[in-house]
Amino acid sequence: MNGELLGRIGSPADVKALDPAELPQLCADIRSTLVTYGKAHGGHIGSNLGVVELTVAIHRVFDSPRDRIVFDVSHQSYVHKMLTGRAQAYLDPDRYDEVTGFTNPEESEHDQFVLGHTGTSISLACGLAKTRDMMGDLNGGSGIGNVIAVIGDGSLSSAIAFEGLNNAAEQGGNLIIIVNDNEMSIAEDFGGMYGPLARLRESGGTAEPNLFHAFGLDYRYVKDGNNVAALVEVLEQVKDIDHPIVLHVHTLKGLGLDAEDAAAGLVEGRCEANHWQDPLSAADRLPGARKYYGEMAMRALEERFATEPGLVVISPATPGSNGITRAFRERAGAHYVDTGIAEEHAVAFASGIAKAGGRPVLATSATFFQRTYDQLQQELALNRTPATLLVFGAGISDADNTHSGAFDIAMMSNIPNLVCLAPTSGEEFLRMLAWSTSAENHDPVVIRVPGDMILDGEREGHYPAFRADECPESFTFIGQRSDLPTPPAPDCPWNRYRISHLGSEVALIGLGDAYRIAEQVAAELTWDPKNPIDATLIDPRRYDALDYRTLDAIAAGHRIVATIEDGQLEGGWGEKITAYYASLPSLPRDRRTHYRATVTPQHVLNFGADKEFTDRVPMERLHDRYDLAPGRIVDRIRTALNGHL
């Protein structure tokens with residue numbers, strides 16, 4: 001029966017109680033469970049299939065949670081979860097959503113950290129070991145025994161992994177660093193260290209130069225990392241070691257994928273598709289916004305490669321997620337660079353290309369751009385180099401708490417010299433990309449790639465509901481004055497907000513993906529038979545700077561101005577508009593050098609996300625929680641109009 005032995009494992013103690021001859025059967029149960037789970041539920045299947053034996057051996061030898069195990073990224077933590085009391089979440093289809101895709105201390109005392117970004121395990125492990133050693137070593141009062149970091153070879157390209165290795169060698173003491181080498185990152189491994197790593201595999205761990213010896217670390221190699229008996233033996237030998245050691249284990253990613261998986265493009269070994277598996281039932285589903293708009297952007301850029309040698313697409317290890325297909329990469333040749341999981345380097349690298357006269361386009365997820373804040377500010381914005389950053393997966397989402405995109409607006413819009421654009425259609429996205437990568441642009445530019453709300457509307461065919469040309473010619477902007485400040489990037493075609501529809505009483509300003517919500521709110525206000533309101537609809541298109549002229553123009557004729565954004569409100573974009581209007585009455589008239597409005601709206605309402613981490617919360621619930629559902633926005637607007645706010 002599938003999973004029969006696994007179903008009896010309630011804790012690591014049960015793994016220790018097994019006869020050694022039962023360990024291969026436990027591994028077989030786990031592997032078949034993962035294959036079944038992947039077909040039905042999806043997830044990080046390839047990496048987990050590769051570490052089945054390694055994880056069983058770790059829990060056979062070590063004593064979690066006293067011995068602390070830190071899984072880097074925790075893409076490979078499913079097996080660990082099965083062996084620490086959570087097996088039914090993988091065996092029972094009705095319970096598939098009980099656990100997250102990453103380690104999480106709220107689930108189990110065996111999970112040390114919430115982890116979903118890469119390269120940090122060695123540094124975290126160094127911290128655990130440091131405190132243990134300060135409090136009396138392995139048998140002291142800290143309650144911490146062996147400290148084990150499990151990191152994949154792809155994660156070694158992260159700068160922080162090198163920083164951790166450097167610190168571990170100097171710190172000394174018990175620290176076991178297990179490098180799970182399956183010859184893959186998310187896509188292939190990229191970087192100069194992977195040649196020496198391959199030679200270590202080929203030589204059985206004897207080749208020099210040895211990256212880990214160079215750091216001053218002890219080193220051992222395990223050729224068959226899918227042999228549970230061999231792994232148990234070597235782990236028993238290094239348990240309680242008195243100095244840091246790297247255990248280099250060669251495994252096969254995706255080991256155990258079957259013919260049905262192969263028919264869907266998932267095979268064992270160096271196969272990018274096995275990194276993340278969608279449920280087989282989703283095989284015929286249309287691509288989501290990330291892949292759809294990403295492929296659209298790559299097609300547009302590829303047409304220019306032959307005549308623009310400086311045009312370069314950069315991806316820090318996650319190309320497939322963002323529509324940068326393998327076929328495109330092969331055709332692009334030198335016009336495409338995968339930096340490995342090294343987002344900080346990718347931003348600085350892009351700045352260098354731009355400084356030399358090239359036109360770099362760096363594409364990655366909002367959650368991964370968070371890792372680059374210093375480079376965004378210093379190497380890019382301070383130097384004002386015209387690189388283009390494509391931000392995928394931005395905004396509120398139902399993702400794990402490690403992969404939320406809700407923080408990008410607050411982070412990026414407050415960096416000087418960084419032009420931040422939010423297109424509301426695929427067509428406008430391509431226009432912005434064409435401009436940002438042209439000689440007309442002289443600044444670093446962020447483009448928030450449209451999300452599923454926009455794509456769904458475009459596919460349905462009735463979006464946008466309002467067109468900019470509906471704005472009557474008689475509408476004029478107040479404040480056509482020379483004393484208004486020159487906006488950043490004065491040549492940017494998107495310095496002015498677009499009035500999609502001119503109404504009265506209520507002005508709705510919807511940023512990026514949230515513009516579609518603003519359209520829906522406008523429709524509901526109009527359809528109300530008792531008190532229809534013809535609201536003004538505005539598409540700001542840019543969120544690092546305010547269009548004072550348009551804000552001034554709408555102040556006089558609208559009692560309510562409502563801003564709608566699919567990101568964190570606090571420190572975000574809508575608050576800036578509230579602050580702008582709030583500051584007007586308190587300024588002496590002779591100091592209103594860049595303020596024109598003589599009246600302000602009765603109320604400015606901001607709609608967006610709370611400052612919080614969310615973990616796999618359905619979008620509908622999040623929109624209700626944050627009052628972002630169109631009906632809730634309408635209710636708050638009517639309440640304000642009735643004077644009950």
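The coordinates are above.
Every residue gets a number counted from 1 within its own chain, in the order that chain's sequence is written. Per-residue local features are limited, in this predicted model, to residues with pLDDT of at least 70; the limit for side-chain atom pairs, both in listing and counting, is 80 or more; totals at the level of whole chains, interfaces and linings are taken over all residues. The basis for every side-chain value is the complete set of non-hydrogen atoms in the structure, without hydrogens or water.

Draft legend 1. Examining the overall build of the protein chain more closely. Each helix and strand counted, the protein chain has 25 helices and 16 strands in total. Radius of gyration here uses only the C-alpha atoms, and the compact-globule reference equals 2.2 Å multiplied by the residue count raised to the power 0.38. A compact globule built from 645 residues should have a C-alpha radius of gyration of about 26 Å, and the protein chain, at 27 Å, falls within 12% of that. Counting only C-alpha atoms, the protein chain reaches 85 × 55 × 55 Å along its principal axes. Out of the 645 residues in the protein chain, the part that is buried amounts to 59%. Only runs of H or I of at least four residues qualify as helices and only runs of E of at least two qualify as strands under DSSP, and these elements are numbered from the N terminus. Exposed residues in this analysis have more than 50% of their type's maximum accessible area, buried residues have under 20%, and partly exposed residues fall in between, with area computed by a 1.4 Å probe over protein chains only.

Draft legend 2. Highlighting the packing of aromatic side chains. Within 6.5 Å between ring centres, the rings of Phe, Tyr and Trp (the latter by its six-membered ring) count as paired, and their orientation is classed by plane angle as stacked under 30 degrees, edge-to-face over 60, tilted in between. Considering all chains together, one arrives at 13 aromatic pairs under this definition. Ring plane angle 85° and centroid distance 4.9 Å describe the contact between Y37 and Y96, whose orientation is recorded as edge-to-face. Residue Y37 is found in helix α2 (residues 23-40), and its partner Y96 is found in the loop between α6 (88-91) and α7 (121-134); the two are separated by 59 residues along the sequence. When the ring of F305 is compared with that of F328, the centres are 6.0 Å apart and the planes differ by 50°; the resulting orientation is tilted. Of the two residues, F305 is situated in the loop between α13 (289-302) and β6 (311-315) and F328 in helix α14 (residues 326-332); the sequence distance between them amounts to 23 residues. Here the two residues F305 and F328 agree in accessibility, since each one is buried. The rings of Y37, Y78, Y90 and Y96 are connected pair by pair, giving a single aromatic cluster. Remark: a charge is flagged as sitting over a ring if the NZ atom of Lys or the CZ atom of Arg is within 6 Å of the ring centre and within 35 degrees of the ring normal. Looking at R459, its charged tip hangs above the ring of Y292, at a distance of 5.2 Å from the centre.

Draft legend 3. Spatial organisation of the sheet that holds strand β7 (residues 336-338). DSSP-based pairing: two strands are paired if at least 2 bridges between them are found. Pairing is parallel across the open sheet formed by 6 strands, whose spatial order is β7-β6-β8-β9-β11-β10. Bordering the open sheet on either side are β7 and β10 (419-421), each of which pairs with just one other strand. Along the sheet, successive strands turn relative to each other by an average axial angle of 20°, direction set aside. With 4 bridges joining them, β6 and strand β8 (residues 359-365) adopt parallel strand pairing. For V313, the partnering residue across the bridge sits in β8 and is V361. Packed on one face of the sheet, helix α19 (residues 426-436) meets β8, β9 (388-392), β10 and β11 (445-448) and runs near 165° to β11. In this analysis an axis means a line fitted to C-alpha atoms, helices contributing only their contacting stretch, and an angle means the value between N-to-C directions, from 0 to 180 degrees. Whether two residues touch is decided by their heavy atoms; if any such pair falls within 4.5 Å, the residues are in contact.

Draft legend 4. Quick look at the packing of α13 against helix α20 (residues 452-460). It is the contact of α13 with α20, at a shortest axis distance of 9 Å, that shows an interaxial angle of 75°. When the axes of α13 and α20 are compared, the pair comes out roughly perpendicular. Of the residues in α20, those in contact with A289, Y292 and Y293 of α13 are D452, I454, L455, E458 and R459. For this scheme, ten residues count as nonpolar: Ala, Val, Leu, Ile, Met, Phe, Trp, Tyr, Cys and Pro. Four count as charged, namely Asp, Glu, Lys and Arg, and the remainder, Gly too, count as polar. Here the contact of α13 with α20 is built from residues that sort into 5 nonpolar, no polar and 3 charged. Put simply, angles under 35 degrees are roughly parallel, angles over 145 are roughly antiparallel, angles from 65 to 115 are roughly perpendicular, and the rest are oblique.

Draft legend 5. View of the nonpolar core. Grouped together as the largest cluster of nonpolar side chains are 61 residues, with contacts concentrated most on L390, V506, L508, L525 and I637. Counting residues per element, this core draws most heavily on helix α21 (residues 514-527), which supplies 7 residues. Those residues within four positions of L508 in sequence are excluded, and the remaining contacts are A518, V521, A522, L525, A535, T536, L537, I538, A562 and I637. Only buried residues count toward a nonpolar core. Its members are Ala, Val, Leu, Ile, Met, Phe, Trp, Tyr and Cys residues joined through side-chain atoms within 4.5 Å. Judged by nonpolar contacts, the second largest core, of 50 residues, contains C27, Y37, V238 and L257.

Draft legend 6. Inspection of the pattern of salt bridges at higher detail. Salt bridges are defined by distance alone: a side-chain nitrogen of Lys or Arg within 4 Å of a carboxyl oxygen of Asp or Glu. Tallied over the full model, the rule gives 38 salt bridges. In this structure, the salt-bridge partner of K239 is D63, at a minimum N-O distance of 3.2 Å. Within this pair, whereas K239 is found in the loop between α11 (228-238) and β5 (244-250), its partner D63 is found in the loop between α4 (52-61) and β1 (68-71), the two being separated by 176 residues in sequence. A residue is classified by how much of its surface remains accessible, and D63, at 34% relative accessible area, is partly exposed. By sharing partners, the salt bridges in this structure join E427, E428, R431, R498, D539 and R541 into a single network.

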